[in-house]
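Below are the chains, spelled out letter by letter.
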Amino acid sequence: MLSKTLSFNRGIFIQDLRSVGWVGIAYFLCLLFALPLQLLMAYTRDGSDHHYFGNTTTSLFSISIEFQVFLMFLLPVLLSIFIFRYMQVKLSSDFIHSLPLNRESLFNQHALLGIVILFIPIFLTGVILLVLATMLPHVEYLSIQSVMSWVGTTLLFNLFVFFAGVFVAMLTGMSVLQGALIYIMFIFPTGISVLTVMNLQFFWFGFAGEYYLTKNIERILPFVRVTELSHTPLTMSEIVVYFVFIIVFYVGALLIYKNRDVESATQAIAFRSLRPVFKYGITICSMLVGGLYFGGTQNGQLGWILFGYIAVSLIGYFIAEMILEKSWRVFDKWKGYVAYTMAIIFVGFVMQFDVLGYEKKVPDFEEVKKVYMADGLYYLMEENRVVERETEKEIRPSYSYQQEENIKNIRLFHEQIVRDQNAIENYSGDTGFVVLGYDLESGETLVRQYRIPVEVYDDFYRPIIESEEHKYNQNPVMLVDDLSELDRVTIHANLGKRVVLTDPKDMLEFHQVLTSDIEKETYADMTDIREPWAQVEYLWANDKRISTQWKKSYVEVERWLEQKGLKDQARVTSEDISHAIVFKNESNSDIYEYIHRYELDRNFELKQDGMRIQDPMQLEEVLQTSGWDNRGKYIIAYFYHQHSYPDFYTFPEGEEPEFIKEYFKN
């Protein structure tokens, strides 16, 4: 009766089992190796001390996750290829479809067999894991809930991949092409998003492509999502989405199968109406890859971007034609490429005119709740200012501004950048990034990223950088108003020097002079390239910590340490230096290149045209003024008593000590 209901055909079932049964056996053996055997090996080698058993997560995906992902995206694909391979071979296709079975029954019998072959190995592995739970420690790691979660999630992803493979099998008449198209389908949403977004950066001024990619890429790439299962289980909405995809793939594959011609076996694309989609899809992807490659390697030059679009899209177009025609003699089919080119030129023409007003968009002041401004995107996407680890809690700087004056100043800065678009795009000197991210009252976020000549905009940066809000944002130490629980303040300097303050009175005094120096900082102090004297770390008893710098402009800190007799322990002084040698960088070349060219780290002292400094007063003066930059008119090498090799520094433009300029005048 059951056989009649499902139109079960025992002959086909036995034949399928002979053809694809090995996939289930191989999958079971691989899962045994990936999970139960791994746990037994770890226990017999390290006992309860192995990190598997001391792991804070209870997810079984934390064990051999790379191998599990490999199996999830390989075995179901192989299964879908071999179960429906009869459609890709003309003789077997003619034979199977001549049997007295309707296509729906035939399809369901194959699909059901695929589900069973995937389910049994996963189920048996789950049972073995539950048996192991009675033998191994930390049973919560192998609890019924944990094992059931692993079984359910693994089966869900296996069915998702299997039915995606079945769907693709209905569209092509070649097994090899089916395998390739399955993986292309998985990465296509991500790939086309990446390629489109990265190419838009060449055309839309201020487009923050990296922001959109980083924010969304994990959600649309199943490979990446699976690797995160050990610490981020699937949400209910994600489970529903994957179920919907499985149903869509199943229904879509069934409908296509019922309308598929038997003669489509051995054809690259089974339906003629889909051949243009395949051909122009490959052409578009090839074009975007070409533009991205030549744009990225040639610093965004329009000529090379266009060359990449044309050359690589031509290659993609004719390769697609060769696959469809199964012949290399396709070069007479150029008319299709001409039509494609005309359509692309029209799209590019529309984009150039910025009909959506994307490039000119600056939100009104009333729309903005707060605004992010930094030279990178990291802190825009990583908003947590307090980062808690297993043993410590760190408070980071912030780059968000909410004060009315700062929001107005950042808007003015943004408007000026928009006005200067042509000048910025044609600028060929040194540039830096600025990222602006507006949190709007509507709940939306507007993000722009520009590459600008930073020094040109000093007047716009200055009021923002010198504001009280900026100093509190950048120096979490300014937020500290209660030192009663503070354990210690440590000053870490070069050459391993260190000062540790533990007396509450000393820590309070140091905190007061440090915050006083920070409050007095000017824009010039905050953009100073000179190396700081030392790193300062506040550590509380509960392992909370804050770090900041002791900059060379913090004179009150230096005076306080000198009064306490701690200055020599807190930073490098002339006492640590045997001598220093200064050279004039005549060619004004990059410092890295200059040092490498003359092998200065080894023969600096052998050069005869340098100025040797040994006077303690002069050494202290150059220590105060030198810093590190890849440019600089003068290079100075410090030779420490305890080091064989020197440290190299330069002087900011115009800050060179007078005695050095006088020496090189002669």
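Quick caveat: nothing in here was measured; it's all calculated off a predicted structure. (Residues numbered from 1 in each chain as written. Predicted model: local features only at pLDDT ≥ 70, side-chain atom pairs only at ≥ 80, totals over all residues. Heavy atoms only, no water.)

**Observations concerning the overall build of the chain**
Scanning the chain from N- to C-terminus turns up 29 helices and 14 strands. Rg of the C-alpha trace for the chain: 33 Å, well past the compact-globule value of 26 Å for 666 residues, more than 25% over. C-alpha atoms of the chain, sized along the principal axes, occupy 100 × 70 × 60 Å. Taken across its 666 residues, the chain has 46% of its residues classed as buried. In the chain, of all internal contacts separated by at least 6 residues, the share reaching a separation of at least 24 is 73%. (Helix = DSSP H or I, 4+ residues; strand = E, 2+ residues; numbered from the N terminus. Rg over C-alpha atoms; globule rule 2.2 N^0.38 Å. Buried < 20%, exposed > 50% of the residue type's maximum accessible area, 1.4 Å probe, protein only. Contact = heavy atoms within 4.5 Å.)

**Notes on the packing of aromatic side chains**
Within this structure, the stated rule accounts for 39 aromatic pairs. Pairing tryptophan 204 with phenylalanine 207 gives two aromatic rings, centres 5.8 Å apart and planes at 75 degrees, and the pair type is edge-to-face. The exposure class of tryptophan 204 is buried, given its relative accessible area of 17%. Every member of this aromatic cluster is reached through a ring pair, and the members are Phe84, Tyr86, Phe107, Phe162, Phe163, Tyr250 and Tyr257. Lying over the aromatic face of phenylalanine 365, lysine 408 brings its terminal NZ or CZ to 5.3 Å of the ring centre. (Phe/Tyr/Trp six-rings, centres within 6.5 Å; stacked < 30°, edge-to-face > 60°. Lys NZ or Arg CZ within 6 Å of the ring centre and 35° of its normal.)

**Considerations on the sheet that holds strand E11 (residues 577–584)**
Sheet architecture is open: 4 strands sit in the order E12-E11-E13-E14, paired in antiparallel fashion. Since the sheet does not close on itself, it has two edges, and those belong to strand E12 (611–613) and strand E14 (647–650), each with one partner. Strand-to-strand twist across the sheet, computed as the mean angle between neighbouring axes with direction ignored, equals 25 degrees. Pairing of E11 with E12 involves 3 bridges; the strand directions are antiparallel. Within E12, the residue paired with isoleucine 581 across the bridge is arginine 612. Relative to E11, helix H28 (residues 616–625) is tilted by about 60 degrees, and along the sheet it contacts E11, E12 and strand E13 (634–640). (Pairing = 2+ DSSP bridges. Axes fitted to C-alpha atoms, helices over the stretch in contact; angles between N-to-C directions.)

**As for the sheet that holds strand E1 (residues 368–374)**
Strands belonging to one sheet form pairs held by backbone hydrogen bonds; the direction of such a pair is parallel or antiparallel. One open sheet accounts for 4 strands, arranged E4-E1-E5-E6; its pairing is antiparallel. On the outer flanks of this sheet lie strand E4 (400–401) and strand E6 (445–452), each paired with one strand and no other. As defined by bridge partners, E1 adjoins E4 across 2 bridges and the pair is classed as antiparallel. In the sheet register, valine 371 faces E4, and the bridge partner there is tyrosine 401.

**Description of the pairing of E6**
A large share of E6 lies buried, amounting to 6 of its 8 residues. Pairing of strand E5 (residues 432–440) with E6, which is carried by 8 bridges, proceeds in the antiparallel orientation. Counterpart to valine 435 in the pairing with E6 is glutamine 449. Between E5 and E6, which pair antiparallel one after the other, the connecting turn spans 4 residues, and glycine 443 there sits at a positive phi close to 95 degrees.

**Quick notes on helix H14 (residues 275–297)**
Taking 1.5 Å as the rise per residue, H14 with 23 residues should run 33 Å; its terminal C-alpha atoms sit 33 Å apart, in good agreement. Buried residues of H14: Arg275, Phe278, Lys279, Thr283, Cys285, Ser286, Met287, Leu288, Gly290, Gly291, Phe294 and Gly295, and no others. In this structure, the buried side of H14 is in contact with helix H10 (175–200), helix H15 (302–325) and helix H16 (335–352). Within two residues after H14, asparagine 299 carries a phi angle of roughly 55 degrees, on the positive side. (Expected span 1.5 Å × (residues − 1).)

**What to know about the environment of tyrosine 309**
As for its position among the elements, tyrosine 309 is in helix H15. Tyrosine 309 sits in the buried class, given a relative accessible area of 12%. Measuring from C-alpha to C-alpha, the distance between tyrosine 309 and asparagine 475 comes to 47 Å, with 166 residues separating the pair along the chain.

**Observations concerning the packing of helix H9 (residues 144–171) against helix H13 (residues 236–258)**
For the pair H9 and H13, interaxial distance at closest approach is 8 Å and the crossing angle is 25 degrees. Relative to H13, the element H9 lies roughly parallel. Classified by chirality, the crossing of H13 by H9 is left-handed. Taken together, the residues of H13 that come into contact with H9 (itself represented by Leu156, Phe157, Leu159, Phe160, Phe163, Ala164, Val166, Phe167, Met170 and Leu171) are Ile239, Tyr242, Phe243, Phe245, Ile246, Phe249, Tyr250, Gly252, Ala253, Ile256 and Tyr257. In the contact of H9 with H13, the residues fall into 20 nonpolar, 1 polar and no charged. (Parallel < 35°, antiparallel > 145°, perpendicular 65-115°, else oblique. Left-handed = near helix turned anticlockwise from the far one by under 90°. Nonpolar A, V, L, I, M, F, W, Y, C, P; charged D, E, K, R; others polar.)

**What about the pattern of salt bridges?**
Summed over all chains, the structure comprises 23 salt bridges. Lysine 279 serves as the salt-bridge partner of glutamate 321, at 3.0 Å between the closest nitrogen and oxygen. Pair noted here: glutamate 321 is in helix H15 and lysine 279 is in helix H14, with a separation of 42 residues, a long-range link. With respect to class, glutamate 321 is no different from lysine 279; both count as buried. (Salt bridge = Lys/Arg side-chain N within 4 Å of Asp/Glu carboxyl O.)

**Here we look at unusual backbone geometry**
Its identity as a non-glycine residue notwithstanding, serine 64 has a phi of 50 degrees, on the positive side. Residue position: serine 64 is located in the loop between helix H4 (51–54) and helix H5 (65–72).

**Here we look at the packing of H9 against H10**
Contact pair H9 / H10: the axes reach a minimum separation of 9 Å and the direction vectors enclose 125 degrees. When the axis of H9 is compared with that of H10, the two are oblique. For H9 against H10, the interelement crossing comes out right-handed. Residues Phe160, Val161, Ala164, Gly165, Phe167, Val168 and Ala169 of H9 form the contact with H10, whose participating residues are Gln178, Leu181, Ile182, Met185 and Phe186. A breakdown of the residues in the contact of H9 with H10 according to their chemical character gives 10 nonpolar, 2 polar and no charged.

**What about the nonpolar core?**
Ranked by size, the top nonpolar core spans 76 residues in total, and within it Phe84, Phe107, Trp150 and Met170 carry the most contacts. For this core, the elements supplying multiple residues, two or more each, are helix H2 (10–34), H5, helix H6 (75–83), helix H8 (103–133), H9, H10, H13 and H15. For this core, the leading source of residues is H9, giving 17 residues. Setting aside chain neighbours within four positions, we find tryptophan 150 in contact with Leu31, Leu35, Leu60, Phe61, Gln68, Ile122, Thr125, Gly126 and Leu129. Among the nonpolar cores identified, the runner-up in size contains 48 residues, and Leu501, Val513, Ala534 and Ile546 belong to it. (Core = buried A, V, L, I, M, F, W, Y, C linked by side-chain atoms within 4.5 Å.)

**Examining helix H3 (residues 36–46)**
It helps to recall that an α-helix has 3.6 residues per turn; residues three or four apart then point in one direction. When H3 is considered as a whole, its buried residues turn out to be Pro36, Gln38, Leu39 and Ala42. Buried residues of H3, seen end-on, are gathered within an arc of 165 degrees and therefore sit on one face of the element. Facing away from the buried side of H3, by more than 90 degrees, are the exposed residues Thr44 and Arg45. (Arc of directions from axis to C-beta.)

**Some thoughts on the side chain of arginine 275**
Tracing the backbone through its elements, the reader meets arginine 275 in helix H14. At 3.1 Å, the side chain of arginine 275 forms a polar contact with the side chain of glutamate 325. In this structure, arginine 275 is in contact with Gln267, Ile269, Leu324 and Glu325, ignoring residues within four places of it in sequence. (Polar contact = N/O pair within 3.5 Å; in protein donor to acceptor, adjacent residues only side chain to side chain.)

**Description of the pairing of E5**
Put simply, side chains in a regular strand alternate between the two faces of the sheet. Across the 9 residues of E5, 7 count as buried, placing the element largely inside the fold. In the sheet, E1 pairs with E5 via 6 bridges, with the strands oriented antiparallel. For valine 368, the partnering residue across the bridge sits in E5 and is leucine 440.

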